[in-house]
Amino acid sequence: MRIGIGYDVHKLIEKRKLILGGVTIKHDKGLLGHSDADVLIHAIMDSIIGAMGLGDIGKHFPDTDNKFKDISSMKLLKKVYEMMIENDYTIGNMDCVIVAQKPKLAPYIDGMRENIASILKVTKDKINIKATTTEKLSFEGEEKGISSQAVCILVKK
């Protein structure tokens with residue numbers, strides 16, 4: 001059994017789609033980034049890569065490489081899943097949190113869990129996602145950005 005933790009943050013800007021967990025969310029701003037800036041998926045990927053002891057997403061998907069420009073983070077998660085398979089791991093379970101003042105994310109969480117479980121080839125009950133605010137404190141509370149954290153347990157097959 002191996003444990004990994006991931007963290008990501010992106011700035012909110014106008015004229016970008018807000019995508020979290022592979023779900024497009026209705027909001028007047030989206031996240032700035034080289035890819036689609038899906039902070040949840042980025043945190044998840046870092047937790048998995050970290051649990052395998054293989055560095056981080058920047059090592060595998062650098063923001064200096066144009067082949068990753070505007071790419072769906074779900075496609076990158078699929079590549080991380082392939083790394084798991086090559087290293088003979090499966091997900092034991094995963095617990096994630098998204099920190100955002102707005103929008104309210106509860107209506108979207110089930111779709112996020114389904115998307116992630118589908119890519120990682122596990123049942124939805126192995127993927128937990130929570131959302132919280134910071135009660136208007138910090139950059140998330142001031143609606144300047146969104147962050148996410150993920151912890152995963154990998155199990156050898």
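Before reading further, recall that the structure is shown in the block above.
Just so we're clear, the structure is a prediction, and the values are computed from it rather than from any experiment.

## Some words on the overall build of the protein
And step 1. Regarding its fold elements, the protein presents five helices and seven strands.
And step 2. Its C-alpha atoms give the protein a radius of gyration of 15 Å, within 12% of the compact-globule value 15 Å for 157 residues.
And step 3. Its C-alpha atoms give the protein principal-axis dimensions of about 45 × 35 × 25 Å.
And step 4. By residue count, 47% of the 157 residues in the protein fall in the buried class.
And step 5. Across the protein, 24 positive and 21 negative side-chain charges occur, with their mean positions spaced 2 Å apart.

## Focus on the packing of helix α3 (residues 73-86) against helix α4 (residues 109-120)
And step 1. It is the contact of α3 with α4, at a shortest axis distance of 9 Å, that shows an interaxial angle of 40°. With respect to their mutual orientation, α3 and α4 come out oblique. As α3 runs across α4, the sense of the crossing is right-handed. Packed against α3, whose contacting residues are Met74, Leu77, Lys78, Tyr81 and Met84, the element α4 presents Asn115, Ile116, Ile119 and Leu120 at the interface.
And step 2. Among the residues making up the contact of α3 with α4, the classes are represented as seven nonpolar, one polar and one charged.

## As for a nonpolar patch on the surface
And step 1. Where nonpolar side chains cluster on the molecular surface, the patch consists of Met1, Ile3, Ile5 and Val151 and spans about 460 Å² of accessible area.
And step 2. Locating Ile5 in the fold gives a position in strand β1 (residues 2-13).
And step 3. Relative accessible area serves as the criterion here: at 62%, Ile5 is assigned to the exposed category.

## Focus on the sheet that holds strand β7 (residues 145-156)
And step 1. Read from one edge of the open sheet, five strands run β4-β1-β7-β5-β6, paired in mixed fashion. In this open sheet, the two strands that pair with only one neighbour each are β4 (30-31) and β6 (127-132).
And step 2. In this structure, β1 lies alongside β7, joined through 10 bridges in antiparallel fashion. Residue Arg2 lies in a different strand from β7, and its bridge partner there is Leu154.
And step 3. In this fold α4 packs onto β5 (89-99) and β6, with an angle of close to 145° to the strand it touches most, β6.

## Things to note about the environment of Lys69
And step 1. Note on placement: Lys69 falls in the loop between α2 (57-60) and α3.
And step 2. Each C-alpha atom, one on Lys69 and one on Asp36, is 8.1 Å from the other, the two residues being 33 residues apart in sequence.

Definitions and limits used
- Residues numbered from 1 in each chain as written.
- Predicted model: local features only at pLDDT ≥ 70, side-chain atom pairs only at ≥ 80, totals over all residues.
- Heavy atoms only, no water.
- Helix = DSSP H or I, 4+ residues; strand = E, 2+ residues; numbered from the N terminus.
- Rg over C-alpha atoms; globule rule 2.2 N^0.38 Å.
- Buried < 20%, exposed > 50% of the residue type's maximum accessible area, 1.4 Å probe, protein only.
- Lys, Arg positive; Asp, Glu negative; His and termini not counted.
- Charge placed at Lys NZ, Arg CZ, Asp CG, Glu CD.
- Axes fitted to C-alpha atoms, helices over the stretch in contact; angles between N-to-C directions.
- Parallel < 35°, antiparallel > 145°, perpendicular 65-115°, else oblique.
- Left-handed = near helix turned anticlockwise from the far one by under 90°.
- Contact = heavy atoms within 4.5 Å.
- Nonpolar A, V, L, I, M, F, W, Y, C, P; charged D, E, K, R; others polar.
- Patch = residues over 30% accessible without salt bridge, like charges linked within 9 Å, V, L, I, M, F, W, Y side chains within 5 Å.
- Areas by Shrake-Rupley, 256 points an atom, 1.4 Å probe, with all protein chains shown as cover.
- Salt bridge = Lys/Arg side-chain N within 4 Å of Asp/Glu carboxyl O.
- Pairing = 2+ DSSP bridges.

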